[in-house]
Each structure stands twice: as C-alpha cells, then as structure tokens.
Amino acid sequence: LPASAAHAPALDWPPRSWWGTLSLYERRIYRFCAAALLLAGLAAAWVFLVPSPAEFMTEFYILGAEGLAEDYPRQAAPGETLNVTLGITNREREPFTYRVEVWAVDPWSEQRQQVGTAGPLTLVPAESHEQTLTWAMPWAGQDQIVEFYLFTTATPQTAAEPYRQLRLWLNVTER
C-alpha cells in the first residue's frame, strides 16, 4: 500500500488528558487495581526472597555400616553390641547445644529402657558432627524398637521434649 493509504495509529498517548477524562469512580477502580498489583508483586517477592523457617532446622540422621542410609542392624541378641553412625548438622541461625538419648522399647509389653547417650555437643551454624553410637538391647522379642531422641537446650521446652526423633525396628532373639 502506498503510505497515504496505510493505517498508522498515533502512538502518542497523553496520560494526563486521559486521566482527566475518567470519572471519579473509574479513577478509584484504577487505583485499586494498581494497589492490588503492587501488593501481589510484594507478596511474590516475599515468597521467593525470604527463606521459610522450615529451611532452618537441624538435620538428624543415622547411617548404617557402609555410611549410607541403609544396612541398619535388623537382628541382634540381648546384650550384643550394636552401632550406627549418628549425624547432626546445625542448619539453624545460631549455635545450638545438642544431646542424644537412645531408648529400647518393647511395644508388646510397654517396657522402655535408656540404652545409650551422646553429647552434649555444641554446633555453630552449618557445622556437622558424626560419631559412632553404640548400644545393646536389654531383652529379646520380635519387632523391638530403638528410638533415637535429639534434644536441644535452646529453650526449656526443647530441653524436655525431643526436638527430632528417629526409629529402628529389629528382632532380638536368644542365640
């Protein structure tokens, strides 16, 4: 098409004169929409930029004979020495002091007995600690539970209640 026949819209948009032509009701709607978009943008920035509290928690784990999360003790005799590698990594924002208790639990008779401990040990943020934890089961029975409780002395409540816990099930048979 020749230039005289082609449609070419004007790209000069005068916002002040356009805003002046709007009624008070329309201006309020535009202001409300702008505020909603700003609020949505701030909320999205908050979600993606501010770390959640779940990212700052202690890692508590046990490893089997090969140093992996497998090959845990499954069979034992009463009094036989059992061991796992206990690991703690402080992912909190401040130094924490930890202690670990190991309990043998017979789920069939409600017996509980503490069979091992570790700690106290203090870890600064991002510091890890691994050690061999040894215990022996005090009685025989099928499906015996070994509970590993991690305590922290951050507050009086966490000093009394376990901060994290792990469980192993094993069969303890007379040999």
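Remember, it's a predicted structure, so these values are computed and weren't measured experimentally.

A few words on the confidence of the model for the protein. Close reading of the predicted structure is inappropriate where its pLDDT is low. Mean pLDDT over the protein works out to 87, with 95% of the residues at or above the 70 mark. Averaged pLDDT values for the elements of the protein fall to 66 in helix α3 (residues 156-160) and rise to 93 in helix α2 (residues 24-49).

A separate point is the sheet that holds strand β4 (residues 96-106). Strand order in the open sheet formed by 5 strands is β2-β8-β7-β4-β5, with mixed pairing between adjacent strands. The open sheet has two edge strands, β2 (75-76) and β5 (111-123), and neither has a second partner. Pairing of β4 with β5 involves 10 bridges; the strand directions are antiparallel. Note on β5: the bridge partner recorded for T97 is T122.

The residue after G119, namely P120, is reached through a cis peptide bond having omega 5°. Along the chain, the position of P120 falls in strand β5. The backbone of D143 sits at a positive phi, close to 55°, despite the residue not being glycine. The topology assignment puts D143 in strand β7 (residues 141-152). The class of D143 is partly exposed, set by a relative accessible area of 39%.

This paragraph deals with the nonpolar core. Counting 28 residues, the largest nonpolar core has W135 and F148 as the members making the most contacts within it. Those elements that place two or more of their residues in this core are β1 (59-63), β3 (81-89), β4, β5, β6 (128-136), β7 and β8 (164-172). Sort the elements by how many residues they give to this core and β4 lands first, with 5 residues. The contact partners of W135, leaving out residues within four places of it in the chain, are E80, T81, L82, N83, V84, V102, V115, V146, F148 and L168.

What counts and what doesn't
- Residues numbered from 1 in each chain as written.
- Predicted model: local features only at pLDDT ≥ 70, side-chain atom pairs only at ≥ 80, totals over all residues.
- Heavy atoms only, no water.
- pLDDT = per-residue confidence, 0-100.
- Helix = DSSP H or I, 4+ residues; strand = E, 2+ residues; numbered from the N terminus.
- Pairing = 2+ DSSP bridges.
- Buried < 20%, exposed > 50% of the residue type's maximum accessible area, 1.4 Å probe, protein only.
- Core = buried A, V, L, I, M, F, W, Y, C linked by side-chain atoms within 4.5 Å.
- Contact = heavy atoms within 4.5 Å.

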